[in-house]
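# Close look at the chain arrangement
Listed below, chain by chain, are the residues.
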Amino acid sequence: MSLTLQPIKYCPICKLPPDYCAFGPKYNQCKEWLKENYPQYLKEEDKTDNEQFLNPEDQLDQEENEKEKKKIKKKVPFNQVTISLSKRGKKKFVTIIEGLEKHGLDLKATSKFFAVKFSCGSNILKGSDDTIVIQGKKNEEVVEHLINKFHVPKNQIKLEKANKKIKKPKKQNQKNRNQVQNQGNTMGRGRGRGRGRGRGRGRGRGRGSGNSSGGRGRGGTGGRGRGRGRGGRGRGRGRGGRGRGRGRGRGRGGRGRGRGRGRGSSYQKY
Amino acid sequence: MFCKWNPQNLKRNVLKSSLRRKIQKAIVQQYPALESLITTLMPKKKKLEVGKAENHLQFYIIESTILFFRWRQGPFYPTLKLLHQIPSLLPIYYVDGGAVRPIMGGAQIMMKGLTKVPNGLPKESIPAQKVVAIVCIGKKNAFTIGLTEHSTEEIKLINNGPGIKNIHSINDGLWKFEIH
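Below is a short write-up of the structure. (Residues numbered from 1 in each chain as written. Chains lettered and ligands numbered in written order. Predicted model: local features only at pLDDT ≥ 70, side-chain atom pairs only at ≥ 80, totals over all residues. Heavy atoms only, no water.)

## Comments concerning the overall build of chain A
Which entries qualify depends on this criterion: Secondary structure elements are defined from DSSP: runs of H or I of at least 4 residues count as helices, runs of E of at least 2 residues count as strands, and each element is numbered from the N terminus. The rule is simple: take the accessible area with a 1.4 Å probe, protein chains only, and divide by the maximum for that residue type; under 20% is buried, over 50% is exposed, in between is partly exposed.
For chain A, the count of helices and strands is nine helices and five strands. Counting from the amino terminus, helix and strand elements in chain A follow one another as α-α-α-α-β-β-α-β-β-α-β-α-α-α. Of all 270 residues assigned to chain A, the portion counted as buried reaches 34%.

## Quick look at the environment of L34 of chain A
Residues and elements named next belong to chain A. Stated precisely, the cut-off is as follows: Residue contacts are defined here by distance: any two heavy atoms, one from each residue, within 4.5 Å place the two residues in contact.
Along the chain, L34 falls in helix α1 (residues 27-37). When the C-alpha positions of L34 and P18 are compared, they lie 7.5 Å apart, and in sequence the two are 16 residues distant. Excluding anything up to four places from it in sequence, L34 contacts P18, C21, Y27, P39, Y41 and L42.

## Brief notes about the interface of chain B and chain A
Note the following rule: Two parts placed together each lose some accessible area under a 1.4 Å probe, and adding up what both lose gives the buried area. Salt bridge criterion: a side-chain nitrogen from Lys or Arg within 4 Å of a carboxyl oxygen from Asp or Glu. Any N or O atom pair separated by 3.5 Å or less is treated as a polar contact, with the protein-specific requirement of one donor-capable and one acceptor-capable atom, and with residues adjacent in sequence counted only for side-chain atom pairs.
The interface of chain B with chain A comprises 25 residues on the first partner and 17 residues on the second. Buried area between chain B and chain A, summed over both chains or domains, comes out near 1900 Å², and the portion from carbon and sulfur atoms is 61%. When the buried area of chain B at its contact with chain A is split by residue, Q85, K139 and N141 of chain B rank highest and sum to 26% of it. At the junction of chain B with chain A, the criterion picks out zero salt bridges. Counting every contact that joins chain B to chain A gives eight residue pairs in polar contact (both at pLDDT 80 or more). Those elements that provide at least two residues to the side of chain B that touches chain A are α4 (100-104), β8 (131-136) and β9 (142-148) of chain B. Ranked by residues supplied to the side of chain B that touches chain A, first place goes to α4 of chain B with three residues.

## Considerations on the layout of surface pockets
Rolled over the atoms, a probe with the dimensions of a water molecule shows which regions are left empty. Residue and element names in this part refer to chain B. Note the following rule: The definitions used throughout rest on a 1 Å grid laid over the protein atoms alone, on which a cavity is an enclosed set of points accommodating a 1.4 Å probe that cannot get out and a pocket is an open set flanked by protein within 12 Å on both sides along at least five of seven lines; lining residues are those having an atom within 4 Å of a point. Grid points are joined across faces, edges and corners, and a volume is the space filled by probe spheres set on the points. Residue polarity is assigned by list, with Asp, Glu, Lys and Arg as charged and Ala, Val, Leu, Ile, Met, Phe, Trp, Tyr, Cys and Pro as nonpolar; anything else, Gly included, falls into the polar class.
Reported here for the largest pocket is a volume of approximately 620 Å³. For the largest pocket, the lining is made up of 25 residues, of which S64, T65, I66, T79 and K81 are closest to its centre. Secondary structure elements with two or more residues in the lining of the largest pocket: α2 (38-41), β4 (65-71), α3 (80-83) and α7 (173-176). Its residues placed into classes, the lining of the largest pocket shows 13 nonpolar, six polar and six charged. Considered as a void within the structure, the second largest pocket measures approximately 420 Å³ in volume. Around the second largest pocket sit 19 residues that line it, and L89, L90, P91, K130 and V131 are the ones nearest its centre.

## Considering the sheet that holds β4 of chain B
All names here are of chain B. Rules: We call two strands paired when DSSP finds no fewer than two bridges between them.
The antiparallel open sheet is built from five strands, whose spatial order is β1-β2-β3-β4-β5. The two strands at the open ends of the sheet, each matched to only one other strand, are β1 (11-14) and β5 (77-78). Bridge analysis of β1 against strand β2 (residues 48-53) gives four bridges, and the strand direction is antiparallel. Residue pairing for β2: N13 is matched across the bridge by V50.

As structure tokens, then:
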């Protein structure tokens, strides 16, 4: 028995033999290639696509059927009494009753009865003959009265669900100071002219000009000062100062010249 | 077996001709039908290389395509890409379509899946510890290579538990492995 080498073509998309494209990971992309070359190896769902549209008349019939279905709206049964709520303002509600005439009730009398019972206003809507409007949220109580006093059968009353809560619109976020200032890593070089709310205390040695002479005068009181002027505002713990002199220039730190730590400008996020 | 197999460094050596002759002999002994084909598969002018991986796995490579592999001194398994070119090399078991996905994911092949298919078992009984190809019903090409653990008669009788060990299947690590 002598065997021969038979060449085989693999699918160019999923690189599997075409019989197993349907079990592979990229079947959706393989479909088109399969349709041309190996239509027998498609999945059964995809094979029938071609047969559907062979008869154009069948296609039209399908569309008509769908349209008819949409037209048929739900018709309300004849004797139903619907009670629903609607809003008048933010907190106030109004109950609406429809469909009472068919049960042989006098609209005026019933509306007056409700007004007396609930001690609130009630009206008949002008446009229609059937609807009564009561001020306030009285839907459940109305049902009881309808059953007991006016003898409306229970199956024919429909209580509609309360309206969904309307969400309050969110207030726009106040400007987040941190966000505005910290864009990236500012290394204390940031914007905070005066915004830094850090903790450092201006040591008040002056402005840190290289020739600090003990820093009297400017920038604080030479001691524990608050870093008047600059330091006080900035309040970062800047090491700053231009010069490298003794002048710590803590006062300046607030400007963000050093490693300010506070909130706002000198605040850093690593 | 090769589900999540992705080796980083494969050692490769060229075999000298005395060893090469031994291996060719051993392959022909296991697959007598390959006598005439072996010279076309492994022509003399090209070098046969051996690739070694973990667990004493050896591949036999010609021109950067893997032909056979084996563990230690065990039986030679052909790769699926070879098998698609020589479909009648191995005996065939048939399997239902619903079992293809789990087997491609590395599952063993259960006896119930083999007996479920009408006329799925081969006509001649195959003993245990033999290399076997598995094909889905309605298709032509094989999609896994397995090693039988029981003979066909035992599979019919017992009908419970795993029957064939899954060694190499489509779209696993070996299938996707490329040598440069």
